[in-house]
Amino acid sequence: MTTRNLDALLTPGAIALIGASSRPGSVGQVIAKNLLRGGFRGRIMLVNPHETEVEGQPVVASVSDLPGTPDLAVIATPAATVPGLVAELGARGCRAAVVISAGFEAPGAETELRQAVLDAARPHLMRIVGPNCLGVISPARGINASFAHRMPDAGRIALVAQSGAVAAALIDWAAPHGVGFSHVVTVGDSADVDVGDLLDELALDGETSAILLYLEGVADGRKFMSAARAAARSKPVAVLKSGRSSAGAKAAFSHTGALAGADAVYDAVFRRAGLLRVDTLAELFEAAIAFNAGVRTHGERLAVLTNGGGAGVLSVDALADAGAALAELSPETLAALQAVAPPHWSGRNPVDILGDARPALYGQALDILLAAPEVDAILVLNCPVAVASSLDAAQAVVAAVQTAGRRHKPVLTAWLGEAEATKARARFAAADLPTYDTPEQAVAAFGQLVRARRTNELLVQAPPAATPGRRTDPAEARRIVREALDQGRTVLTDPEARAVLRAYGVPVVQSLSAADPQAAGQAARRLGGQVALKILSRDISHKSDVGGVRLGLSGAAEVELAARDMLARVARDQPQARIDGFVVEPLVVRPEAEELLAGVVRDPTFGALVMVGQGGVAVQVVADRALGLPPLNTVLARDMIARTRVSRLLAGYRNRPAADLDALAGVLVALGELASDLPEVVELDVNPLLCDGRGVLAVDARVAVRRPDASTPRLAILPYPSQLVRTVEVGGERLAIRPIRPTDAPALCAMVDACAPGDVRLRFGGGLRHLTPDLTLRLTQIDYDRHMALVAENGRHEILGVGRLVSDPEGDSAEFALMVRSDRQMHGLGGTLLKAVVDYAAARGISTVWGDVARDNDRMRDLAASLGFTVESGADVARVKMVKRLAA
């Protein structure tokens, strides 16, 4: 993960265009025109050996002839020339290049040419966007380094797209809707800079308040997940993912694998990353309108204010699909509305103030709804009528919102029609009020805000690798799996699969194995009562498909006869299957239980995922499932359950009591731990998993295994590193040193508030006195793969100090930061935390730890020096760089 030199891409001081042309309609001519007419205040230099002037500007023949060093180069020349040009530009000190050129996808040339470009850029740490992309646009800086057909307006939304065509369509749509962009970047083939890199850069970009993504695929799951979660913590991110089908399910070993199609995986990924997923370009436009207005919601209760009853009904009809709710207006709110509304108004929500509603009434009613505590957001509708001005009504709405300061509530608008509505929509756009053409579009946008809030709330969950208090035996599970692999098997037997589940605390049906029909009968006699008989074969995954399951058998004779019949049928239907015997188990009778499916599957990009849904023999027909990325905790597991259709049955109905959802969530958490501990398990299928008010019980399980290798996907999210938690004694007080958690935000703010202003300045610089909400999120909701913060916590759960380490993309070096509460300084806590940070860096294989320290921070400089750091002075007169080299 790297943002190195991406500032040269988005905020360059000088730009060179290689391949500028005067030929009308050529890519080189369009880019030159866009660059020169964009309003860029820096230097623009043009290169083409066959031109002397383009657009009235001089052109030099080669990179070596450039009159200055560009920060950013735009290359629009044949693909074969690009590696050499990149090498020349890098040698000149150019830090980033946008490769517009296509031709890298030619058969036999793609890998070789792409690698040649990367090899040419690497020695200079030069970043490459593309090849085969539309380009880069930063409107506020007058940068249009693209062949887009127009320059978009400046705004606070960033657009990152893997398709130039989609980006061009969004640019064209944005202007008439009052939407502007901070940056537009198309990544093309993503030879170097990818979506993850740009998310990291834009997450910290002060000019960007929201991000739109168009994705066709992700190559590095962990990198994307880390960047997406970091971005979503600080600003809303909406994503449109194309390619919603997958043929890979056909060859799946288990029901879990068959149901975990590519689109379902991306659904789980986006949800866990805190991204708002939209399904169409129209929905992406709707999200852009809301983001452009800076709208966020803290609830899902919508009030509708309208002058037309039909429009109000349409909005209510759309609410169910949007996942939102119609607000129930309180008696106080209804009374206030009654005092200003006409005699025959609706008297409820939707608030229909009738077709002849004068503009002032819109403002009065909106004031009341803005003040109503039971209302989270308001949708204002208007239908054109001859007796009242739609534009005046819009102006009244704008005035009411501006007077109220929105009171932290979103206000959305939909002025129906076209001829009468156009001016009103323009007025709303100018006032930064989201406006839509229809009630359905507006309600859909509100639903997006609700979903965005819900997914963002999940970001604070940081599950540990193992749940405290859960009795598990990973070593036993690992022994069973490795023994099977040593025997050359890729599928665990039924008893082995049950033993693995049992090792992770999953309740399973107790069973007996039998080598032949006679032994099966004897096993039934020992168990007593009715039993279930199942074939035991490493070659048969779905036993019921070949008659390998018989239920409700009684006594040894009946079981023995059924076993012989079973052998005969399997021999007929699947003669190649190796038979290892039978499994005999008590017949489970739980009439109020739902049959569920729970399992684990590994995606080649995002690694392990846990699944839950409706089970039974028709599981693939019903196709009811939800996926989640481990590690999980109860909150995340319950969220997965709630996304299934079967959850409505589990909640109880008629005389059937609710199922034990905590027990079910515990199974999902356990499967997540299993997937994290055992990379050898490539698919796991528990079907059926019975769930009722008494708990859960795994009746049948299948497990596929394979030895891990370089192609085995990593977990997309690292679990909370509980192995780093330890207790130390500092100044006679016992303190816990542990990694920071998202829930530490209030304690971290309290620590900074308790510090002297000078100490806060030395740590954060500038005029900061208290942590801002966004900064608090970035400091507490971290990705443990590349960012570690170790806190010192006392018995009262106060944070007394924080040692922080952020590694570079390659993992070679890392920057440290340290802060100790003012009243706890000079007692050895700073040294303890800094040493812990350095020890952690050494354990990760990081070779260099460095810190940017204020020159007047003598105590920090002395402390670092005592631990072996040396000063490497730079050009900055106010700060020094302190460095410690670690042994390899």
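Below is a short write-up of the structure. In this text, all values refer to a predicted model and were calculated from it rather than measured experimentally. (Residues numbered from 1 in each chain as written. Predicted model: local features only at pLDDT ≥ 70, side-chain atom pairs only at ≥ 80, totals over all residues. Heavy atoms only, no water.)

1. Brief notes about the overall build of the protein
Thought 1: Summing up its helical and strand segments, the protein has 29 helices and 38 strands in all.
Thought 2: For 888 residues, the compact-globule estimate of 2.2 N^0.38 gives 29 Å, and the C-alpha radius of gyration of the protein, at 32 Å, lies within 12% of that figure.
Thought 3: Taking the principal axes of its C-alpha atoms as reference, the protein extends roughly 100 × 80 × 70 Å.
Thought 4: Within the protein, the proportion of its 888 residues that are buried is 55%.
Thought 5: Excluding contacts between residues fewer than 6 apart, the proportion of contacts in the protein whose partners are at least 24 apart in sequence is 72%.
Thought 6: Separation of charge centres in the protein, based on 92 positive and 98 negative side chains, amounts to 3 Å. (Helix = DSSP H or I, 4+ residues; strand = E, 2+ residues; numbered from the N terminus. Rg over C-alpha atoms; globule rule 2.2 N^0.38 Å. Buried < 20%, exposed > 50% of the residue type's maximum accessible area, 1.4 Å probe, protein only. Contact = heavy atoms within 4.5 Å. Lys, Arg positive; Asp, Glu negative; His and termini not counted. Charge placed at Lys NZ, Arg CZ, Asp CG, Glu CD.)

2. What to know about the environment of His-177
Thought 1: As for its position among the elements, His-177 is in the loop between helix H5 (164-174) and strand E11 (181-186).
Thought 2: C-alpha of His-177 to C-alpha of Ile-289: the two residues are 112 residues apart in sequence and 7.7 Å apart in space.
Thought 3: Ignoring sequence-local partners within four residues, the contact set of His-177 consists of Ile-289 and Ala-429.

3. Comments concerning the state of the cysteines
Thought 1: Applying the stated criterion across every chain, the model contains zero disulfides.
Thought 2: Cys-94 carries a free sulfur, and the closest cysteine sulfur to it, the one in Cys-133, is 14 Å from it. (Disulfide = S-S within 2.5 Å.)

4. A word on empty space enclosed by the protein
Thought 1: The full count for this structure, using the stated rule, is eight cavities of 30 Å³ or more.
Thought 2: The computed volume of the largest cavity comes to approximately 150 Å³.
Thought 3: Lining the largest cavity we find 19 residues, and of these Arg-229, Ile-717, Leu-718, Ile-782 and Tyr-784 sit closest to its centre.
Thought 4: Examining the composition of the lining of the largest cavity, we find that four residues originate from one element, helix H7 (residues 221-234), more than from any other.
Thought 5: Grouping the amino acids of the lining of the largest cavity by side-chain chemistry returns twelve nonpolar, three polar and four charged.
Thought 6: Reported here for the second largest cavity is a volume of approximately 110 Å³.
Thought 7: If you trace the second largest cavity, you find 14 residues lining it, with Leu-492, Asp-494, Ser-537, Ile-540 and Lys-543 closest to the centre.
Thought 8: At the level of elements, strand E22 (530-536) and strand E30 (701-705) are the ones that each hand at least two residues to the lining of the second largest cavity. (1 Å grid on protein atoms, 1.4 Å probe; cavity = no way out; pocket = protein on both sides within 12 Å on 5 of 7 lines; lining within 4 Å. Points joined across faces, edges and corners; volume = space filled by probe spheres on them. Nonpolar A, V, L, I, M, F, W, Y, C, P; charged D, E, K, R; others polar.)

5. Some words on the layout of surface pockets
Thought 1: Computed from the structure, the second largest pocket encloses a volume of approximately 950 Å³.
Thought 2: Together, 30 residues line the second largest pocket, and Asp-267, Arg-271, Arg-277, Asp-279 and Arg-451 are the ones closest to its centre.
Thought 3: Breaking the lining of the second largest pocket down by element, the ones donating at least two residues are helix H9 (262-273), strand E14 (276-278), helix H10 (281-292), helix H11 (309-322), helix H16 (439-457) and strand E27 (625-628).
Thought 4: Looking at the lining of the second largest pocket element by element, the count peaks at eight residues for H16.
Thought 5: Residue composition of the lining of the second largest pocket, grouped by class: twelve nonpolar, four polar and 14 charged.

6. Details of the sheet that holds strand E23 (residues 549-554)
Thought 1: Reading across the sheet, the four strands line up as E21-E24-E22-E23 and stay open at both edges, with antiparallel pairing between neighbours. Each edge of the open sheet carries a strand with a single partner, namely strand E21 (512-514) and E23. On average, each strand axis in the sheet is tilted by 30° relative to the strand beside it, whichever way the strands run.
Thought 2: In this sheet, strand E24 (residues 581-586) lies alongside E21 in antiparallel orientation, the contact comprising three bridges. (Pairing = 2+ DSSP bridges. Axes fitted to C-alpha atoms, helices over the stretch in contact; angles between N-to-C directions.)

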